[in-house]
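Below, each chain spelled out in residue letters.
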Amino acid sequence: MNAGTITNKGLELALNHRNTVGDAYYYVGANVSTVKNKVKEITVGNGLEFGGFNPHGEGTVTYAKVGKPIGSFYLLQTDGIFQSDTEVAAYVNSKGERLQPNAQAGDIKFVDANGDGIIDDKDKIYSGSPFPDFSFGLRGGVEWNRFDINLFFDGMVGNKIYNYTRARMEGMNEITNYGTAALNAWTPTNTNTDVPRFTQEDSI
């Protein structure tokens, strides 16, 4: 089944040099490439989007949406940590209703991005593409008297990565081993931190 249409544009450039000096042969090379893609049409579901990566059923984090690269990240945005229950109570919508009725001091404050007065998946906003702006590589090698050495370096810039390892190590929603960052979790005596309070029953 065809789920839609994607346009891809890219450019690749490679430069190589080889030479022999006496008994030694050497080569060096470099390459750089770019690729851009955009979802032009979706022919399943509502015709506007469909979800992708949903790690362990904890929530979809990548989507295909018309006008954006396929597999783009869409995430809830945050605005720090509630420092008191008073702050929680004051975080309300235009009707005076609490935006995060189950939150407590030490919990993450989520942004009502679409302004509808509710924090939910509709507040996820475009947070970047997994496709790099540039990919590049360097190659080199020397052969001499039955010996050879080869080196290569590859890299990319401009892409986003979803750090699910950190989510698992600092999520604190399971009985398991955590990363050392969990030791810096928010407490009433440790408020200068970006790690929320320890709880296994956290909900918006």
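Residues numbered from 1 in each chain as written. Predicted model: local features only at pLDDT ≥ 70, side-chain atom pairs only at ≥ 80, totals over all residues. Heavy atoms only, no water.

Outline a positive patch on the surface, listing residues and values.
Judged by side-chain charge, Lys9, Lys38, Lys40 and Lys68 come together as a positively charged surface patch. Within the element layout of this structure, Lys40 appears in strand S2 (residues 24-42). Lys40 gets classed as partly exposed once you look at its relative accessible area, which sits at 49%. (Patch = residues over 30% accessible without salt bridge, like charges linked within 9 Å, V, L, I, M, F, W, Y side chains within 5 Å. Areas by Shrake-Rupley, 256 points an atom, 1.4 Å probe, with all protein chains shown as cover. Salt bridge = Lys/Arg side-chain N within 4 Å of Asp/Glu carboxyl O. Lys, Arg positive; Asp, Glu negative; His and termini not counted. Charge placed at Lys NZ, Arg CZ, Asp CG, Glu CD. Helix = DSSP H or I, 4+ residues; strand = E, 2+ residues; numbered from the N terminus. Buried < 20%, exposed > 50% of the residue type's maximum accessible area, 1.4 Å probe, protein only.)

Could you give me a rundown of the side chain of Gln100, with the residues and numbers involved?
Assignment of secondary structure puts Gln100 in the loop between helix H1 (85-90) and strand S7 (108-110). A distance of 2.7 Å separates a polar atom in the side chain of Gln100 from the backbone nitrogen of Phe110. When neighbours within four sequence positions are excluded, Gln100 is seen to be in contact with Phe82, Val88, Tyr91, Ile108, Lys109, Phe110, Ile119 and Ile204. (Polar contact = N/O pair within 3.5 Å; in protein donor to acceptor, adjacent residues only side chain to side chain. Contact = heavy atoms within 4.5 Å.)

So what about a nonpolar patch on the surface? Which residues, and what values?
The grouping of Leu138, Val142, Trp144, Phe147, Ile149, Leu151 and Phe153 at the surface amounts to a nonpolar patch, some 760 Å² of accessible area in total. For the nonpolar patch, the secondary-structure elements that each account for two or more residues are strand S9 (134-144) and strand S10 (147-157). It is S10 that contributes the most residues to the nonpolar patch, four residues altogether. Position of Trp144 among the secondary structure elements: in strand S9.

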